[in-house]
Amino acid sequence: MVVPSDTMAALESLPLDIIPTVDMSAPAGRGELAQRLVRACAERGFFKAVNHGVPPSVSSRLDAAAMAFFARPARVKQAAGPPDPLGYGSRNIGAHGDVGELEYLLLHTEPDAVARKAKTIDTEDPSRFSEAVNEYVDAVRRLACRVLDLLGEGLGLRDPTSLSRLISAVDSDSLLRINHYPPSRTVDGPKSGNGGVGGAKGSTAIGFGEHTDPQILSVLRANDVDGLQVLLPDGHGGDEDWVQVPADPSAFFINVGDLLQALTNGRLVSIRHRVMASTSKPRLSTIYFAAPPLHAHISALPETVTPASPRRYRPFTWEEYKKAMYALRLSHNRLDLFQAGGDVTVKGYDQ
Ligand SMILES: C=C1C[C@]23C[C@@]1(O)CC[C@H]2[C@@]12CC[C@H](O)[C@@](C)(C(=O)O1)[C@H]2[C@@H]3C(=O)O
Ligand SMILES: O=C(O)CCC(=O)C(=O)O
Ligand SMILES: [Fe+2]
């Protein structure tokens, strides 16, 4: 779909909201929607999707199943762990000492893998849990594919479906993560060791430390508890600031992952984000990490490489990228290791 150049210019001259909100029902037409998505993903790396078409009943069914699990005694939950990296985890994120004020379930989205894990998550009725997950994954995958097709169109790709085909392949390596942040303890002194800031009553601690998501696209939904923050340029040409993303349980927050930054040669940006633990109410968030198959080759799409914008990253497979990511801490800037012409070595990771 081609958008007239005067419409494009008018769109681009409008200031972009700090947190761009995109109406996925396309009230102004598909071409404009595609341009809005490209602009949000290029300038912010994320956006809030409203009128997204995912039925609220699908989300609330999964939330209920997840909350029933998190309400169970610790020893019961631990039977679904430890995270290897999939499964139930508490406080520890990854294998390199990152900790946060949360517990979580990390699942591969392939239905057989969900069914196997469900046996330890809902011992009474595993299919109750796996059906809720499968239904949710189908709905968010469709949303992610729509976003990627629109981005493909907005970027002017010769094959605009090439991005969505990466995540809809049967052997896609997509994950679903359900994070539960219990109400934080209010403390009189500084919190021990995990980034607690200040010591006054009502202080906040790191719920999930800063990072970028490694995959192609992340589709996040949370309950009505704030906590998600994104790192954005301060707008005065200087530093970057952490910006609070106000909670909206009816919306999805969609962010660009490292692979999409690499596929678009840096045109779309993988945004750093984190979660600060709330003081009073529990936060429940669910993130679908849309990934390609392990063997997928990731290299900049030809339309994004020009003399003015030469290739920024060397080609790699998702398997290779995953290996590097698991060898590193949460906050590491992994894409740096894959710069074209780069020669960086990481302890524990042989390229
Ligand atoms: C510390 C780590 C946890 C993580 C794997 C890693 O070694 C580095 C990337 C982390 C991250 C961040 C986004 C997602 O929550 C996640 C599932 C992912 O794909 O990459 C986690 C990994 C994890 O928790 O296993
Ligand atoms: O729990 C959240 O809201 C976000 C967590 C996150 O960024 C992640 O799991 O990758
Ligand atoms: Fe994340």
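Residues numbered from 1 in each chain as written. Chains lettered and ligands numbered in written order. Predicted model: local features only at pLDDT ≥ 70, side-chain atom pairs only at ≥ 80, totals over all residues. Heavy atoms only, no water.

1. Focus: the pattern of salt bridges
Here's step 1: By the definition in use, this model includes 20 salt bridges.
Here's step 2: Residues Arg-329 and Asp-98 are paired through a salt bridge, measuring 3.2 Å at the closest nitrogen-oxygen approach. Taken together, the positions of Arg-329 in the segment after α9 (318-326) and Asp-98 in strand β4 (residues 98-108) put the pair 231 residues apart, joining distant regions of the chain.
Here's step 3: Given the relative accessible area of 43%, Arg-329 is considered partly exposed.
Here's step 4: Given a relative accessible area of 11%, Asp-98 falls into the buried group.
Here's step 5: One salt bridge in this structure joins Arg-314 and Glu-320, with 3.0 Å as the shortest N-O distance.
Here's step 6: The class of Arg-314 is partly exposed, set by a relative accessible area of 23%.
Here's step 7: Overall, the relative accessible area of 24% leaves Glu-320 in the partly exposed class. (Salt bridge = Lys/Arg side-chain N within 4 Å of Asp/Glu carboxyl O. Helix = DSSP H or I, 4+ residues; strand = E, 2+ residues; numbered from the N terminus. Buried < 20%, exposed > 50% of the residue type's maximum accessible area, 1.4 Å probe, protein only.)

2. Some words on the coordination of the iron ion (ligand 3)
Here's step 1: Looking at the iron ion (ligand 3), the protein donor atoms are His-211 (NE2), Asp-213 (OD) and His-273 (NE2), and they sit 2.1 to 2.2 Å from it.
Here's step 2: Going along the chain, you hit the donors of the iron ion (ligand 3) in the pattern H-x1-D-x59-H. Remark: His-273 occurs in strand β11 (residues 273-276) and His-211 occurs in strand β6 (residues 206-211); sequence separation between them is 62 residues. An identical accessibility class is assigned to His-211 and His-273; each is buried. (Donors = N, O, S within 2.8 Å, 3.2 Å for Na, K, Ca; no water.)

3. Observations regarding the site of ligand 1
Here's step 1: Around ligand 1, 17 residues are found, and the nearest of them are Arg-177, Pro-214, Gln-215, Met-325 and Leu-328.
Here's step 2: The side chain of Arg-177 places a nitrogen or oxygen atom 2.9 Å from an oxygen atom of ligand 1.
Here's step 3: At 2.7 Å, a side-chain N or O of Gln-215 approaches an oxygen atom of ligand 1.
Here's step 4: Protein chains bury 99% of the 470 Å² of accessible surface belonging to ligand 1 in isolation.
Here's step 5: Because more than half of its atoms lie within 2 Å of the grid, ligand 1 is assigned to the largest pocket.
Here's step 6: Secondary structure elements with two or more residues in the shell around ligand 1: β4, β6 and α9. (Near = heavy atom within 4 Å. Polar contact = N/O pair within 3.5 Å; in protein donor to acceptor, adjacent residues only side chain to side chain. Areas by Shrake-Rupley, 256 points an atom, 1.4 Å probe, with all protein chains shown as cover. 1 Å grid on protein atoms, 1.4 Å probe; cavity = no way out; pocket = protein on both sides within 12 Å on 5 of 7 lines; lining within 4 Å. Sits in = over half its atoms within 2 Å of the grid points.)

4. Brief notes about the sheet that holds strand β10 (residues 252-256)
What links the strands of a sheet is backbone hydrogen bonding, and the strands pair in either a parallel or an antiparallel sense.
Here's step 1: Pairing in this open sheet of 8 strands is mixed, and the strands run β1-β2-β10-β7-β12-β5-β4-β3 from one edge to the other. Edge positions in the sheet fall to β1 (21-23) and β3 (87-93), since each of these pairs with one other strand and no more. With strand direction ignored, the average angle separating the axes of adjacent strands in the sheet is 25 degrees.
Here's step 2: Where strand β7 (residues 217-222) lies against strand β12 (residues 283-290), 6 bridges are found, and the strand directions are antiparallel. Along β12, the bridge assignment pairs Arg-221 with Thr-286.
Here's step 3: Across the face of the sheet, helix α6 (residues 126-154) comes into contact with β2 (46-50), β4, β5 (175-181), β7, β10 and β12 while running at roughly 125 degrees to β7. (Pairing = 2+ DSSP bridges. Axes fitted to C-alpha atoms, helices over the stretch in contact; angles between N-to-C directions. Contact = heavy atoms within 4.5 Å.)

5. As for the confidence of the model for the chain
Detailed reading of the predicted model is not advised wherever pLDDT is low.
Here's step 1: Of all residues in the chain, 88% have pLDDT values of 70 or greater, and the mean over the chain is 91.
Here's step 2: Reported confidences for the modelled complex are a pTM of 0.92 and an ipTM of 0.99. (pLDDT = per-residue confidence, 0-100.)

6. Examining the layout of surface pockets
Regions of empty space are outlined by a rolling probe, equal in size to a water molecule, passed over the atoms.
Here's step 1: A volume near 610 Å³ is recorded for the largest pocket.
Here's step 2: What lines the largest pocket is a set of 36 residues, and nearest its centre among them are Ile-93, Leu-106, Arg-177, Phe-208 and Leu-330.
Here's step 3: A per-class count over the lining of the largest pocket returns 19 nonpolar, 10 polar and 7 charged.
Here's step 4: A volume near 380 Å³ is recorded for the second largest pocket.
Here's step 5: As for the second largest pocket, its lining consists of 19 residues, and the residues nearest its centre are Glu-240, Gln-261, Val-269, Ser-270 and Ile-271. (Points joined across faces, edges and corners; volume = space filled by probe spheres on them. Nonpolar A, V, L, I, M, F, W, Y, C, P; charged D, E, K, R; others polar.)

7. Re α6
Here's step 1: With 29 residues, α6 should cover 42 Å at 1.5 Å per step; its first-to-last C-alpha distance of 42 Å lies within 8% of that length.
Here's step 2: Directly beyond the C-terminal end of α6, a positive phi value near 70 degrees is found at Gly-156. (Expected span 1.5 Å × (residues − 1).)

8. Focus: α9
Here's step 1: For α9, the full list of buried residues reads Trp-318, Tyr-321, Lys-322, Ala-324 and Met-325. Looking straight down α9, one finds its buried side chains confined to an arc of 160 degrees; they lie on one side. (Arc of directions from axis to C-beta.)

9. Observations regarding the packing of helix α3 (residues 56-70) against α6
Here's step 1: Packing of α3 against α6 leaves a shortest axis separation of 9 Å and a crossing angle of 140 degrees. By the angle between their axes, α3 is oblique relative to α6. Judged by the sense of rotation from one axis to the other, the crossing of α3 with α6 is left-handed. Contacts between α3 and α6 involve Val-58, Ser-59, Arg-61, Leu-62 and Ala-65 from the former and Phe-129, Glu-131, Ala-132, Val-133, Glu-135, Tyr-136 and Ala-139 from the latter.
Here's step 2: Taken together, the residues of the contact of α3 with α6 break down into 8 nonpolar, 1 polar and 3 charged. (Parallel < 35°, antiparallel > 145°, perpendicular 65-115°, else oblique. Left-handed = near helix turned anticlockwise from the far one by under 90°.)

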